[in-house]
Amino acid sequence: MSNDFFWTNPPRVTQDGNVGPTDSAQVPRFAGPATFALLPRVDEVEKLDVGILGVPFDSGVSYRPGARFGPAHVRQSSRLLRPYHPTLDVSPFAAQQVADAGDVPVNPFDIEEALGTVEAAAKALSDTGAKIVTIGGDHTIALPLLRNMARIHGPVAMLHFDAHLDTWDTYFGAAYTHGTPFRRAFEEGLLDTDALSHVGTRGPLYGKQDLEDDERFGFGIVSSADIYRRGADAVVQQLRERIGDRPLYISIDIDVLDPAHAPGTGTPEAGGMTSRELLEILRGLADLNVVGADVVEVSPAYDHAELTGVAAAHVVYELVSMFAVRS
């Protein structure tokens, strides 16, 4: 059969010599493989500065399942992303070589084995010199990603955007779930306890002890109500003072957004941030020493009109752009 019947990639080399997204003037955005932002696959590039890594895993969820389908959904929702970021005045796919590193083949039946697989995959990608933005998957996967970061940098500063604290101890006796990764990270010495913050938390807790434990681990809290009352600029200033130039890991649960902006998630809470507030805060932190990041808990079965997928795709784009600002 003639090759004329098959879609092929047009040339995508940027002026900086990096391979960028598919040229949407030659191939419609709705055509072709749904890599993140229509970027090349990792096997199509000779070097790698930033890898977009999917982890289709949701065996640690406590309520709605479905985040195992998050990486594919976010990739599909990222087709409209464009190569120039006007607010930061950066072209993140030209300034650095970014590629889609595919999905980690995790065991859905054994959480601890899955965590080991994620850590090994992150290590292999980091050892090439690349930074990683991971698309989950549920928040359990933040623990092995932090293990990899601490292996490279020592204990890292962390910004945790989430409706929930995720510093609980166990669920039904299980130590590794999407509600426990940051208690485990504290116990394993992975975190710089002078530079930890939750952002966007809200909603009821199990008891006051939750907050007392969280403070003992070193976390400060900027609630969604704080963001509403004080504004993004004031929050950015507070976070910058707390973090300084420490190696910083950013972990973003998409349920930090109000369900009006991100309905497709496993544990929604009313009263959350807007997508505009989240993007503005990230832009205000763009020149910090970000060493890795994840965006998790997108559950497409509960999404409507790709609202959650589009929001998550834009957040990943912001994170990649933050790397470009420091490159």
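In this text the structure is predicted, and so the values were computed from the model without any measurement.

Structural notes on the pairing of strand β7 (residues 248-253)
Consideration 1: Among the six residues of β7, six are classified as buried, and the element is accordingly described as predominantly covered.
Consideration 2: Because side chains alternate across β7, one face comprises the buried residues L248, I250 and I252, and the other comprises Y249, S251 and D253, equally buried.
Consideration 3: Where strand β4 (residues 156-161) lies against β7, five bridges are found, and the strand directions are parallel. Counterpart to F161 in the pairing with β7 is I252.
Consideration 4: Pairing geometry for β7 and strand β8 (residues 290-296), over six bridges, is parallel. Bridge pairing links D253 to V296 in β8.

Describing the nonpolar core
Consideration 1: Counting 55 residues, the largest nonpolar core has F36, F161, I250, I252, I281 and L319 as the members making the most contacts within it.
Consideration 2: The element contributing the most residues to this core is helix α10 (residues 307-326), with eleven residues.
Consideration 3: Those residues in contact with F36 that lie beyond four places of it in its chain are I52, V74, R75, S78, L81, D100, I135, A313, V316 and Y317.
Consideration 4: Ranked by size, the runner-up nonpolar core spans 35 residues in total, among them L115, A122, M149 and M158.

Observations regarding unusual backbone geometry
Consideration 1: For the peptide bond that leads from G136 to G137, omega is 15°, which places it in the cis range.
Consideration 2: Assignment of secondary structure puts G137 in the loop between β3 (131-136) and α4 (142-153).
Consideration 3: Of note, the phi angle at D166 is positive, near 55°, even though the residue is not glycine.
Consideration 4: Tracing the backbone shows D166 in the loop between β4 and α5 (181-187).
Consideration 5: Overall, the relative accessible area of 4% leaves D166 in the buried class.
Consideration 6: For F172, which is not glycine, the phi torsion reads 50° and is therefore positive.

Some details on α4
Consideration 1: With twelve residues, α4 should reach 16 Å at 1.5 Å per residue; the first-to-last C-alpha distance of 16 Å fits that figure.
Consideration 2: Within α4, nine of the twelve residues are buried, which leaves it mostly tucked inside the rest of the structure.
Consideration 3: Every buried residue of α4 is listed here: A142, L143, P144, L145, L146, R147, N148, M149 and A150.
Consideration 4: Among the residues trailing α4, G154 stands out with phi positive, at a value near 80°.

Thoughts on the UniProt feature "binding site: Mn(2+)" (unreviewed entry) in the protein chain
Consideration 1: The residues that UniProt annotates with the feature "binding site: Mn(2+)" (unreviewed entry) are H139, D162, H164, D166, D253 and D255. Their sequence span is 117 residues, while the largest C-alpha to C-alpha distance among them is just 12.2 Å; these annotated residues converge on one region.
Consideration 2: Mapped onto the elements, H139 comes out in the loop between β3 and α4.
Consideration 3: The residues touching H139, leaving out its near neighbours within four places in the chain, are H160, D162, D166, H178, P181, F182, S251, D253, D294, V296 and E297.
Consideration 4: Within the structure, the side chain of H139 is placed 3.2 Å from the side chain of D162, a separation counted as a polar contact.
Consideration 5: For D255, the position within the fold is in the loop between β7 and α9 (275-284).
Consideration 6: Beyond its immediate sequence surroundings of up to four residues, D255 is in contact with D162, A163, H164, R202, T265 and T267.

Some remarks on the sheet that holds β8
Consideration 1: Spatial strand order, β2-β1-β3-β8-β7-β4-β5-β6: eight strands in an open sheet with parallel pairing. Both edges of this open sheet fall to β2 (98-103) and β6 (219-223), since each of them pairs with a single strand only. The sheet shows a mean angle of 15° between the axes of neighbouring strands, taken without regard to direction.
Consideration 2: Strands in contact with helix α8 (residues 232-243) are β4, β5 (191-201), β6 and β7; relative to β5, the strand with the most contacts, it is inclined by about 165°.

About the criteria used
- Once a new chain begins, its residue numbering starts again from 1 and follows that chain's sequence as written.
- Reporting of local features is limited, given that this is a predicted model, to residues whose pLDDT is at least 70; pairs of side-chain atoms are given and counted only at 80 or more, and all residues count toward the totals for whole chains, interfaces and linings.
- Water and hydrogen atoms were dropped before computing side-chain values, which therefore reflect all heavy atoms in the structure.
- Relative accessibility decides the category of a residue: with a 1.4 Å probe and only protein chains considered, values under 20% of the type maximum give buried, values over 50% give exposed, and everything between is partly exposed.
- Numbering of helices and strands runs from the N terminus; a helix is a DSSP stretch of H or I covering at least four residues, while a strand is a stretch of E covering at least two.
- For two strands to count as paired, DSSP must find a minimum of two bridges between them.
- To form a nonpolar core, buried Ala, Val, Leu, Ile, Met, Phe, Trp, Tyr and Cys residues must be joined to one another through side-chain atoms within 4.5 Å.
- Contacts were defined at the residue level, with two residues in contact if any of their heavy atoms lie within 4.5 Å.
- Each helix should span, by expectation, one fewer than its residue count multiplied by 1.5 Å.
- UniProt positions are given in the numbering used here, feature names are shortened, and annotations may be inferred rather than shown by experiment.
- The definition of a polar contact used here is a pair of N or O atoms within 3.5 Å, where within protein one atom must be able to donate a hydrogen and the other to accept one, and adjacent residues in sequence count solely through side-chain atom pairs.
- A fitted line through C-alpha atoms serves as each axis, taken over the contacting stretch for helices, and the angle formed by two N-to-C directions is quoted from 0 to 180°.

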